[in-house]
Amino acid sequence: MQLADEWVEYVAATAITSHARTYHMAINRLCEYVDKKLGPEAEAVSLTDEGLFDLLIGWELCLPETYAPSSTYPSVMAAGLRLLVVRRDDHSDRDVAPDLARWARGPALLASGEKTERDEFTRPEKRTLVRAAWQSVHATRKRLDEGWALAEIGQHPDAGSWTSIADLLCGLAHEQITPDDIRRHIPPSREWPPELKEFAAATGRALVPQSARQQLVRQLFARLYPHTMDLHAFRVLLMDATGYTSEEVTGFGEKQVEFLPKGVRLTLLKNRAGLLRHRAFRDQPAPADGPEPQSASEDQVTVDWPRREASAVVRQLLDITARVRAKTPHVTDTLFVTGAVSPSFTPEFGKWNPQSRRTFGHWLDAMGIEIKGDRNIGRLRKSVKVEKAIVTEGRISDAADDHTEEAFAGHYAQGTTLRILSGRTITTAQQHWFDKALDRVDGPTVVPDISAAVDHDLLKDTGLSTAEAEAIMSGQLDMGVSHCKDPYQGPYSRPGELCAVAPLRCLECRNAWIMPSNLPQLLLFQRHLERLRTVLTPPVFARLWGQSWVNLRAVLKDRTPEDIALALKHIEAGQAVLDLPLAANTEFDA
């Protein structure tokens, strides 16, 4: 009772809603555990007992046994119970054993678990949902219009007939009779005319004699007032048109609606975050050629399917729920109200409960919609967020316009669509820069064969003139490990000055031309770099000589073993010498 009292006070003080049941579950689980461990002695247990400490430890550690390995429920329930104990300990007039207070304020014994984020609806699924929602809205309007039109031509059942649909609707519409009056006055279902039996039987269901009267009054009420299944469609359309949560689009009343010349302004309340926002939703401009007409074979009401206007949805909702709202003047915080008949034949008008026996999943089944994965309306919110992220070209600051960027990254950026788009973006960017790297000539031009040196396409691609080609071929521009097309226009020195880094940086220079005759010097330069690799640390070597080493290995890899063997013979015979500046032999790992 001590924990139960704390729970009641805490719920009243914080006004928490759905999360309140977590504390209730934790208390029940603890009581069951204590009953199991102590038996009849459990009745005398109190939060002032020191011996309860071991029981609380055991209870917390055994919580994961009945849940999946990654479930978050055990840690949430343990944290909830700790909070209640701490709250009681904070009151000076409420005693809590010191060990229990230390346990409650101490570190958690359970991991938090992993919460699996729901994926968004696919684009085809979302289009199907919106189209089905519009179909449902127009079917609801048609049903209610026909029901009230029929009620206008009817009369009181006493003056007419208790088996006449029009008379029954007339009596209910003008509050001349009650559903219980129908139950008491209508004859048994076996005496009903065929049209009344057909009317009372729900679509695809047979009329059950034992519940025939209940079926009838519910069908009559459904012809006069919207019911639970009707409002699922409006929630889908409002979430799609506004991009806000289910809680927000079902949590504004008539006074929170302001129609603009071209749109509507809504006051949206998000209880979980305590946010009150005023948002204007502008109407989309009508297409120049108007909506595409549907074919007559579809046998459907012609509507403007592509347009997503919050104002149009709100107007429809106001109109359809007007009669119910007139009967529920105390309900001012929502437009989602319904009329129904209880099992005791009592008319009930009040707030819509989407978690009743007719949930969003039942609406999907009724509309014949196939959805892969979790049948949760929250996935529609993620679908809209994905579209917003695509429109804003992935800018989180724009896509996260009604919550924090951290919330977007944690709850919405994990969807399949955004992961695919992110992967494509990264791949495209990588391919772009890879192509750039291939197109850019930052290293030497390698001539594998003498005959290719003056090839016209090669000269054109590298910008080499005929005079420069002849100078290279004659050896006039030999810089040691390569030839240079213009030593006075090198990238490492000022224009007009002789290159000061040759031959150490020739393998990284776009002016360099490597001829087959340079192979012996390249092998000698390879020995020089291999010696530096033993002297310098890998980070320093990579920074100073990494690109030269990579380019050199690429050049040598293209040479045949016969070419390399011949070049080594030239080196051994002393016919090849590599002249390097003195600075090349004074490298230190500083």
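It should be emphasised that the depicted structure is a prediction, and the values quoted were computed from it without experimental measurement. Once a new chain begins, its residue numbering starts again from 1 and follows that chain's sequence as written. Totals for whole chains, interfaces and linings use every residue, but because this is a predicted model, local features are given only for residues with pLDDT of at least 70 and side-chain atom pairs only at 80 or more, for both listing and counting. As a rule here, side-chain values come from all non-hydrogen atoms in the structure, and water together with hydrogens is ignored.

Focus: the overall build of the protein
Then comes step 1: Only DSSP runs of H or I covering at least 4 residues are called helices, and only runs of E covering at least 2 are called strands; the numbering of each starts at the N terminus. Helices and strands together make up the secondary structure of the protein, namely 24 helices and eight strands.
Then comes step 2: Only protein chains enter the calculation, and the probe is 1.4 Å; a residue is then buried if its accessible area is under 20% of its type maximum, exposed if over 50%, and partly exposed in between. Within the protein, the proportion of its 590 residues that are buried is 42%.
Then comes step 3: Put simply, of all contacts in the protein between residues at least 6 apart along the chain, 62% involve residues at least 24 apart. Between two residues, a contact is recorded if the distance between any of their heavy atoms is within 4.5 Å.

With respect to the environment of R375
Then comes step 1: Locating R375 in the fold gives a position in the loop between α15 (360-367) and α16 (378-391).
Then comes step 2: For the pair formed by R375 and F121, sequence separation is 254 residues and the distance between their alpha carbons is 9.5 Å.
Then comes step 3: We define a polar contact as two N or O atoms separated by no more than 3.5 Å, with the added condition that, inside protein, one atom must be a possible hydrogen donor and the other a possible acceptor, whereas residues neighbouring each other in sequence contribute only through side-chain atom pairs. Here the side chain of R375 touches G361 through a polar contact of 2.6 Å, landing on its backbone oxygen.
Then comes step 4: Only 2.7 Å separates the side chain of R375 from the side chain of D365, close enough to count as a polar contact.

Examining the confidence of the model for the protein
Then comes step 1: The pLDDT value expresses, per residue, how confident the predictor is, ranging between 0 and 100. Here the protein averages 81 in pLDDT, and 80% of its residues register 70 or above.
Then comes step 2: This model gives residues 289-306 a pLDDT under 50, and the stretch forms 13 contacts once residues within four places in sequence are excluded.
Then comes step 3: A low-confidence stretch, residues 437-441 (pLDDT under 50), is modelled with two contacts involving residues beyond four sequence positions or located in other chains.

Quick look at helix α2 (residues 20-38)
It helps to recall that an α-helix has 3.6 residues per turn; residues three or four apart then point in one direction.
Then comes step 1: A rise of 1.5 Å per residue sets the reference length of α2, with its 19 residues, at 27 Å; its end C-alpha atoms lie 28 Å apart and thus fit the reference within 8%.
Then comes step 2: Every buried residue belonging to α2 is among A20, T22, Y23, A26, I27, L30, Y33 and V34, and all of these are buried. Across the axial projection of α2, the buried residues extend over an arc of 165 degrees, all falling on one side. The exposed residues of α2 that point more than 90 degrees off its buried face are E32 and K36.
Then comes step 3: Those residues of α2 that are buried are in contact with α1 (2-14), α3 (52-62) and α4 (73-90).
Then comes step 4: Remark: G39 follows α2 within two positions and exhibits a positive phi of approximately 65 degrees. Helices are assigned an expected span. That span is 1.5 Å times one less than the residue count. Picture the helix axis, draw a direction to every C-beta atom, and the arc is the one those directions span.

A closer look at the packing of α1 against α4
Then comes step 1: Where α1 contacts α4, the two axes come as close as 9 Å, and the packing angle between them is 90 degrees. Classified by the angle between their axes, α1 and α4 sit roughly perpendicular to one another. Of the residues in α4, those in contact with Q2, L3, E6, W7, E9, Y10 and A13 of α1 are L81, L83, L84, V85, R87 and R88.
Then comes step 2: Residue type decides the class: Asp, Glu, Lys and Arg count as charged, Ala, Val, Leu, Ile, Met, Phe, Trp, Tyr, Cys and Pro as nonpolar, and the leftover types, Gly among them, as polar. Taken together, the residues of the contact of α1 with α4 break down into eight nonpolar, one polar and four charged. Axis definition: a line fitted to C-alpha atoms, over the contacting stretch in the case of helices. Angles run 0 to 180 degrees between N-to-C directions. The cut-offs work like this: below 35 degrees is roughly parallel, past 145 is roughly antiparallel, 65 to 115 is roughly perpendicular, and the gaps in between are oblique.

A word on the environment of T128
Then comes step 1: Relative to the helices and strands, T128 resides in helix α6 (residues 123-152).
Then comes step 2: The spatial distance from the C-alpha of T128 to the C-alpha of I369 is 7.4 Å, given a sequence separation of 241 residues.

Topic: the side chain of S493
Then comes step 1: Relative to the helices and strands, S493 resides in the loop between β7 (483-484) and β8 (512-514).
Then comes step 2: Its relative accessible area of 18% is what places S493 among the buried residues.
Then comes step 3: Here A500 takes part through its backbone nitrogen, which lies 3.3 Å from a polar atom of the side chain of S493.
Then comes step 4: Discounting residues that sit within four places of it in the chain, S493 has contacts with L498, C499 and A500.

With respect to the packing of aromatic side chains
Then comes step 1: Here a Phe, Tyr or Trp ring, Trp counted by its six-membered ring, pairs with any other such ring whose centre lies within 6.5 Å, and the pair is stacked when the planes are under 30 degrees apart, edge-to-face when over 60, and tilted otherwise. Scanning the entire structure with this criterion turns up 11 aromatic pairs.
Then comes step 2: Seen from their ring centres, Y225 and F349 are 5.0 Å apart, and the 85 degrees between their planes marks the pair as edge-to-face. Taken together, the residues Y225 in the loop between α10 (212-222) and α11 (228-242) and F349 in strand β5 (residues 347-351) connect sequence positions 124 residues apart.
Then comes step 3: The class of Y225 is buried, set by a relative accessible area of 2%.
Then comes step 4: On the accessibility criterion, F349 (23% relative accessible area) is partly exposed.
Then comes step 5: Consider the rings of F360 and W363, whose centres lie 5.9 Å apart with planes at 20 degrees: the pair is stacked. Remark: W363 and F360 occur in helix α15; sequence separation between them is three residues, near one turn of the helix.
Then comes step 6: Relative accessible area serves as the criterion here: at 5%, F360 is assigned to the buried category.
Then comes step 7: W363 gets classed as buried once you look at its relative accessible area, which sits at 1%.
Then comes step 8: Joined through ring pairs, the aromatic side chains of W148, F221, Y225 and F349 make up one cluster.
Then comes step 9: Looking at R315, its charged tip hangs above the ring of F259, at a distance of 4.0 Å from the centre.
Then comes step 10: A ring is considered to have a charge above it if a Lys NZ or an Arg CZ atom is located within 6 Å of its centre and within 35 degrees of its normal. Between the NZ or CZ atom of R505 and the centre of the ring of W545, over which it lies, the distance is 4.3 Å.

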